[in-house]
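Take a look at the letters that make up each chain.
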Amino acid sequence: MRRQRLRTIGCGLALLAAVGGAPSPACAQDAQYLGPRGVPAHAFPSPGRPVADIVSPTRSQEAKRDTNDESGQIVRLMGIKRGMTVGDIGAGSGYHALRLARVVGRSGTVIAQDVKKEYLAQLTEHIGRQNIQNVRLALGEPHDPRLPPGSLDAAILVHMYHEVAHPYAFLHNLAPALKTGARVGIVDLDKPISGHGTPPDLLRCELSAVGYHEAAFHRLAGDAGYLAIFEAPPAVRRKRPGEIIPCRAKAN
Ligand SMILES: C[S@@+](CC[C@H](N)C(=O)[O-])C[C@H]1O[C@@H](n2cnc3c(N)ncnc32)[C@H](O)[C@@H]1O
């Protein structure tokens, strides 16, 4: 047991260290969640709006989130089920990844993805201590989640969209990771970016600019904000970087 835990921790840290190079053979399982590089950020329009700083690996206190059943609401509204592979993009300290791991069960997998090595290292220790076997880690880049093509049945992006520095590149590079028909659930506050939220109309505009289709919109109970659910565009409907019209430009 102790050896297994150490291997899990070591493997996760080796994966983090290996980004940009070949992961260690002992971490071959994790390595499948480092996809090929996507299109570079400079090929896309700039967001033309503020972007919030990354300030914390979590949104708020876990007890409060549990009282609101934040995870249960997302699971039900997204139709997440046992056996699925679900990406928690911007997982931070893993509030949702750890709860999704129970939902997808031993036959499923949660990919806890983030751009901060230190957050993923803390999460690696946590899953090692708890001997959780079905959470894998993935270190992305601000413009590119770096997930393998066709790897996800669903993705959730919870209280992180307002921090995405290159939203058009990020969304374009995320789309190939989703299986056909897979949905992307974005949870955020209906507040300005400066208040660590994303106004829903801005979100719709940016996703539609890349070719995403809005499937549903829900106000979540408690203070969790909203859940907007989108279908990622298949390759034929994905806008090429040069075709993307940034939302501020449209409004002007
Ligand atoms: C406020 S925390 C939320 C963490 C978690 N989703 C939650 O609900 O508790 C935002 C997270 O998004 C991550 N993040 C910011 N920009 C990102 C990007 N472009 N790709 C992936 N993660 C990103 C941050 O590092 C941070 O861990």
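What counts and what doesn't
- Counting restarts for each chain: residues are numbered from 1 in the order of the written sequence.
- Totals for whole chains, interfaces and linings use all residues, but because this is a predicted model, local features are given only for residues with pLDDT of at least 70 and pairs of side-chain atoms are given and counted only at 80 or more.
- Between N-to-C directions, angles span 0 to 180 degrees; the directions come from axes that are lines fitted to C-alpha atoms, helices contributing only their stretch in contact.
- Elements are defined by DSSP. Helices are runs of H or I of four residues or more, strands are runs of E of two residues or more, and each kind is numbered from the N terminus.
- Working rule for angles: under 35 degrees goes down as roughly parallel, over 145 as roughly antiparallel, 65 to 115 as roughly perpendicular, anything else as oblique.
- Take the far helix as your reference; a near helix turned counterclockwise from it by less than a right angle gives a left-handed crossing, and one turned clockwise gives a right-handed crossing.
- Working definition of a contact: two residues with C-beta atoms, positioned from the backbone, lying within 7 Å.
- Strands were regarded as paired on the criterion that DSSP finds at least two bridges between them.
- Labels follow a simple rule on C-beta atoms placed from the backbone: if 20 or more others lie within 10 Å of a residue's own, it is buried; if 12 or fewer, it is exposed; otherwise it is partly exposed.
- By convention, orient the strands away from the viewer: a clockwise path from the first strand over the helix to the second makes the crossover right-handed.

A.B. asks: Requested: an account of the packing of helix α7 (residues 167–174) against helix α8 (residues 200–210), with residues and values cited.
C.D. replies: In the contact formed by α7 and α8, the axes pass within 9 Å of each other and the chain directions differ by 55°. Classed by the angle they form, the pair α7 and α8 counts as oblique. Crossing of α7 against α8: the hand is right-handed. Two secondary-structure elements touch here, α7 through Pro167, Tyr168, Leu171 and His172 and α8 through Glu206, Leu207, Ala209 and Val210.

A.B. asks: Explain the sheet that holds strand β3 (residues 135–139) residue by residue, including any values.
C.D. replies: The seven strands are arranged β3-β2-β1-β4-β5-β7-β6 in an open sheet whose pairing can be described as mixed. Bordering the open sheet on either side are β3 and β6 (213–219), each of which pairs with just one other strand. Geometrically, the sheet is characterised by an average inter-axis angle of 20° between neighbouring strands, direction not taken into account. With six bridges joining them, strand β4 (residues 152–158) and strand β5 (residues 178–188) adopt parallel strand pairing. By the bridge assignment, alanine 154 is partnered in β5 with arginine 183. Lying over the sheet, helix α5 (residues 95–104) contacts β1 (85–89), β2 (109–114), β3 and β4, oriented at roughly 165° with respect to β2.

A.B. asks: Please set out the pairing of β4 residue by residue, giving values where relevant.
C.D. replies: The element β4 is largely enclosed, with a buried count of seven among its seven residues. In this structure, β1 lies alongside β4, joined through four bridges in parallel fashion. From the neighbouring strand, aspartate 88 faces β4, where its bridge partner is isoleucine 156. As for the winding sense of the linkage, the β-α-β connection from β4 through α7 to β5 is right-handed.

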